[in-house]
Amino acid sequence: MKSHILGYPRIGVQRELKWALEQYWAGQIDQPSLLQVGAELRLRHWQAQADAGLDFVSVGDFAWYDQVLNHSLMFGVISRRFGSGRDLDTYFRMARGRAPCGCDAAANDMTKWFDTNYHYLVPELADEQVFSLDATDLLAQIREAQQAGFNAKPVLIGPLTYLWLAVHRTEKGASEGKLALLPHLLDTYGELLALIKQQGIEWLQIDEPILALDLPQSWKSAFELAYNRLNSAGLNVLLATYFGPLGDNLGLTCQLPTAGLHVDLVRGPEQLDALIDRLPVYKVLSLGLVNGRNVWRTDLRSQLALLQSLPANLKQRVWVSASCSLLHSPMDVSAEHKWPAQQKNWFAFARQKLDEIVWLSRAAQGQLDTEALVASDAAISDRARSGFVHNPAVQAALQGIQAADARREQPYAQRAVAQHKRFNLPLLPTTTIGSFPQTKQIRAARKAYKEGVLDQAGYAQAMRAEIAHVIRVQQSLGLDVLVHGEAERNDMVEYFGEQLEGYLFSQQGWVQSYGSRCVKPPIIAGDISRPVPMTVQWAQYAQSLSLKPVKGMLTGPITMLCWSFPRDDISREQQALQIALALRAEVQDLEAAGIGMIQVDEPAIREGLPLRRADWPQYLRWAVQAFKLSTCVVADHTQIHTHMCYSEFNDIIQAIADLDADVITIETSRSNMELLSAFERFAYPNEIGPGVYDIHSPVVPDEKWMGNLLETAARAIPLRRLWVNPDCGLKTRGWPETEAALRAMVNAAHHLRQRVQAGAEKALPEPA
Ligand code: GLN
Ligand code: ZN
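Residues numbered from 1 in each chain as written. Chains lettered and ligands numbered in written order. Predicted model: local features only at pLDDT ≥ 70, side-chain atom pairs only at ≥ 80, totals over all residues. Heavy atoms only, no water.

Asks: I'm lost on the packing of helix H20 (residues 456–477) against helix H29 (residues 735–757) in this one. Help?
Replies: Helix-helix packing is described using two parameters, namely the angle between the two axes and the distance between the axes. Contact geometry for H20 and H29: axes closest at 10 Å, N-to-C directions at 35°. You can see that H20 and H29 cross each other, and the crossing is right-handed. The segment H20 lies against H29, with His469, Val470, Val473 and Leu477 engaging Trp735, Glu739, Leu742, Arg743 and Val746. By residue class, the composition of the contact of H20 with H29 is six nonpolar, one polar and two charged. (Axes fitted to C-alpha atoms, helices over the stretch in contact; angles between N-to-C directions. Helix = DSSP H or I, 4+ residues; strand = E, 2+ residues; numbered from the N terminus. Left-handed = near helix turned anticlockwise from the far one by under 90°. Contact = heavy atoms within 4.5 Å. Nonpolar A, V, L, I, M, F, W, Y, C, P; charged D, E, K, R; others polar.)

Printed below as a string of structure tokens:
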């Protein structure tokens, strides 16, 4: 029973790779120094795998920026705009649009790797794409591992997953076109496998995570062709699937001619019986028993029981692993010096997961280290009993939820009357999404406060000065609905997590998000409750400075959940509802403090969608319920806003309408209001502000351009329900461009308003 992993984090416990990359990009270190850091990290990480006792070390999981981009460079999938080179600087230019030497060129697109928070660079296939192999780097890394005495198992992304993730420039929306490139791509894989075999490699891992998705029949059929072809290389291929059960692809996958199959038993434990039935007797079955995507210690006892219950003829062919690559977990819990030992014990980060995997495989073979088992049991029961985890008051509140708690008293049409009377806003009201530029001074004040250099009173004063400043600016720009600017927030999830009971924060729990960028997600560790109001004082202060409405600003329950490490002992739905109840209390307090408009941001609602369509309705049901539970506590004349970004809402538009927010501000400007076509087909019932300019770009948008977008919007949305706003928060922008852009936006709204009032609205066709 061998033990192995699908991949290891490459960033380093101290994020060494990040610092080296950023220094290299800034021209502060030369390429040999960068290469040196990479080599050291690889060696250190292989050593950790060997020290833990794994049978293989994973090679090819290292990337200077992204593993998908590695493959693009290796196969020659390099757009002409990056030049004809295939060196490291070309690679960085593809990733970042620039490099220390060479001119600028638009980078490849970046998008989320399945349902993780990791982003890969989308391969760009040319019309008549020619693949040409250059595997120098991968082969050198295999040699590097072998020379250091390790048993290397290289890992590749499979040809079908690679194609699936790519864009095909001539493609007209169909995924079929790309498949025509498969035979040629397979030739290239064939060459690559031959070279790998020459290195004396026994096992090769090929990742095909798309096998956990809904696939068109043509793609399913292509798997057979592909793996028959790859099988001829004479290597033992371990076909790795993860992020979900195989579902309707299970039969197909079992029958593919590969020497082994890896499955994710954390996300898909239910598939084990079918696998036992369907797996041919010659195949190795690698079981992902340790969660590669979360931070909790594995329940060794139950996973061992699972291994022991396997039929005897299968046991000899079973390998033990983590569910997916450990790229998605933080590196080492022993670096959490601030956590008490008892609490540290609840966790297993990547380094600790290696030990769990080895322990399971040894124990299942009779080498039972009982001391480790006792320690694991103790940690798990300690967590289960902990007062930090279980809060009876929260559980009672959950029990007490009634259907009416998630329903506004009156339908939107009636609320709108009360709200219009109360706020008396002009036609096409202008507003922003919440944050204003996070300046150096703001960050310095926050840092000084955290480090104890600035006391509570000094910090509050600094933040109030920031609030007063953004209110003044907004007044002078003539915006109709103001915000307080979010100066006091480091991050929209962390800020609330820190004030809620039940959240924990690591010091070093970094996970790569893209390139050199890492995130440190908060950890939902216990029942969530809100000890005291979180935002009321800031909101009240901001409102006291203006006669115009100032929106209260909260992060919604789904975003709080999606951007944290969740608990593994209760469902995601339960966690969302707990957070919703805490937010509901905050919404109620804001309303009682006289805040008339409250915005609850849900930028992550789209990305929380399950991988399989069949699972969408259930997710959307509880996501909508959680949002409504947090907001449907206010009177009719209190206006609930929400905000979403990252596009592609068309397929969940009904759920968005079901949130029943009075106003939604939404990102559309990058796609040139493409979203609006969805609103032409689907009559969005409430008020909506489709973003009229892209805050991700430093370019100050032109007034006329925004005016045109507004007119386009006015054709799809009745004027009385149309708002005017940028497409996201402004915290990453500088002040000069922010003021200029908002001034132009307000002018664009005023001009359209004047034209409408002058009777020219006849020029705008009535919405269908
Ligand atoms: N209110 C938040 C802000 O303006 C929303 C951020 C987001 O959508 N990601 O920064
Ligand atoms: Zn946004």
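Asks: Teacher, can you tell me more about the coordination of the zinc ion (ligand 2) here?
Replies: Each angle at a metal carrying four tetrahedral donors should ideally be 109.5 degrees, and each at a metal carrying six octahedral donors should ideally be 90 or 180 degrees. Every protein donor of the zinc ion (ligand 2) is listed here as His643 (NE2), Cys645 (SG) and Cys728 (SG), and their distances to the metal cover 2.1 to 2.3 Å. Geometry at the zinc ion (ligand 2) is tetrahedral, judged from its four donor atoms and the angles of 91 to 125° they form at the metal. Taking the relative accessible area as the measure of exposure, Cys645 reaches 3% and is therefore buried. Taking the relative accessible area as the measure of exposure, Cys728 reaches 15% and is therefore buried. (Donors = N, O, S within 2.8 Å, 3.2 Å for Na, K, Ca; no water. Tetrahedral: all angles 85-135°; square planar, octahedral: opposite > 155°, others 65-115°. Buried < 20%, exposed > 50% of the residue type's maximum accessible area, 1.4 Å probe, protein only.)

Asks: Mind showing me how you'd approach the pattern of salt bridges here?
Replies: Two side chains that carry opposite charge are able to pair once their charged atoms sit near each other. This model, assessed by the stated rule, comprises 34 salt bridges. For Arg715, the salt bridge identified is with Glu711, shortest N-O distance 3.9 Å. Residue Arg715 and its partner Glu711 are located together in helix H28 (residues 703–716), separated by four residues, close to a single helical turn. The partner of Glu737 in a salt bridge is Arg733, with the nearest N and O atoms 2.5 Å apart. (Salt bridge = Lys/Arg side-chain N within 4 Å of Asp/Glu carboxyl O.)

Asks: Can you help me understand the side chain of Ser323 in this one?
Replies: Secondary-structure assignment places Ser323 in the loop between strand S11 (318–322) and helix H14 (341–344). Residues in contact with Ser323, not counting those within four places in the same chain, are Leu6, Thr241, Tyr242, His262, Asp264, Val266, Gly288, Leu289, Val290, Asn291 and Gly292.

Asks: Help me understand unusual backbone geometry, please; the structure alone is not making it clear to me.
Replies: Working note: non-glycine residues mostly have negative phi, and peptide bonds are mostly trans. Within the chain, Arg15 stands out as a residue other than glycine whose phi angle is a positive 55°. As for its position among the elements, Arg15 is in the segment before helix H1 (16–25).

Asks: Would you take a moment to explain the site of ligand 1 for this structure?
Replies: Lining the immediate surroundings of ligand 1 are Ile433, Gly434, Ser435, Glu486, Met492, Met553, Asp601, Pro603, His643, Cys645, Cys728 and Gly729. For ligand 1, an oxygen atom lies 2.7 Å from a polar atom in the side chain of Ser435. Residue His643 places a side-chain N or O atom 3.1 Å away from an oxygen atom belonging to ligand 1. Within the complex, 94% of the 300 Å² of free accessible area of ligand 1 lies under protein. (Near = heavy atom within 4 Å. Polar contact = N/O pair within 3.5 Å; in protein donor to acceptor, adjacent residues only side chain to side chain. Areas by Shrake-Rupley, 256 points an atom, 1.4 Å probe, with all protein chains shown as cover.)

Asks: Would you mind showing me how to read the state of the cysteines here?
Replies: Linking two cysteines covalently through their sulfur atoms gives a disulfide. Applying the stated rule across the entire model yields zero disulfides. A disulfide-free cysteine, Cys254 has its sulfur positioned 20 Å from the sulfur of Cys324, the nearest such atom. A residue is classified by how much of its surface remains accessible, and Cys254, at 0% relative accessible area, is buried. The thiol of Cys518 is not disulfide-bonded; the next cysteine sulfur, from Cys324, is found 17 Å away. For Cys518, a relative accessible area of 13% puts it in the buried group. (Disulfide = S-S within 2.5 Å.)

Asks: So what exactly am I meant to see when it comes to the packing of H20 against helix H22 (residues 536–544) here?
Replies: Where H20 contacts H22, the axes come no closer than 10 Å and their chain directions differ by 40°. As far as their axial angle goes, H22 and H20 are oblique. Crossing hand, H20 versus H22: right-handed. Note on element contacts: H22 touches H20 through Trp538, Tyr541 and Ala542, opposite Ala460, Met463, Arg464, Ile467, Ala468 and Ile471. Across the contact of H20 with H22, the residue classes break down as eight nonpolar, no polar and one charged. (Parallel < 35°, antiparallel > 145°, perpendicular 65-115°, else oblique.)

Asks: Which parts of the structure should I look at to understand empty space enclosed by the protein?
Replies: Gaps between atoms show up when a probe of the same size as a water molecule is rolled over them. Applying the stated criterion across every chain yields a total of six cavities of 30 Å³ or more. There is about 160 Å³ of room inside the largest cavity. Along the walls of the largest cavity sit 17 residues, with Asp61, Gln67, Val155, Asp207 and Ser325 positioned nearest its centre. Residue assignment for the lining of the largest cavity shows that the elements contributing at least two residues are helix H3 (67–75) and strand S5 (152–157). It is S5 that contributes the most residues to the lining of the largest cavity, three residues altogether. For the lining of the largest cavity, the per-class residue count stands at eight nonpolar, six polar and three charged. Of the voids in this model, the second largest cavity is the one considered here, and its volume is about 90 Å³. Surrounding the second largest cavity, 14 residues form its lining, Arg42, His45, Trp46, Asp61 and Phe62 being those nearest its centre. Those elements that place two or more of their residues in the lining of the second largest cavity are helix H2 (31–52) and strand S1 (57–59). (1 Å grid on protein atoms, 1.4 Å probe; cavity = no way out; pocket = protein on both sides within 12 Å on 5 of 7 lines; lining within 4 Å. Points joined across faces, edges and corners; volume = space filled by probe spheres on them.)

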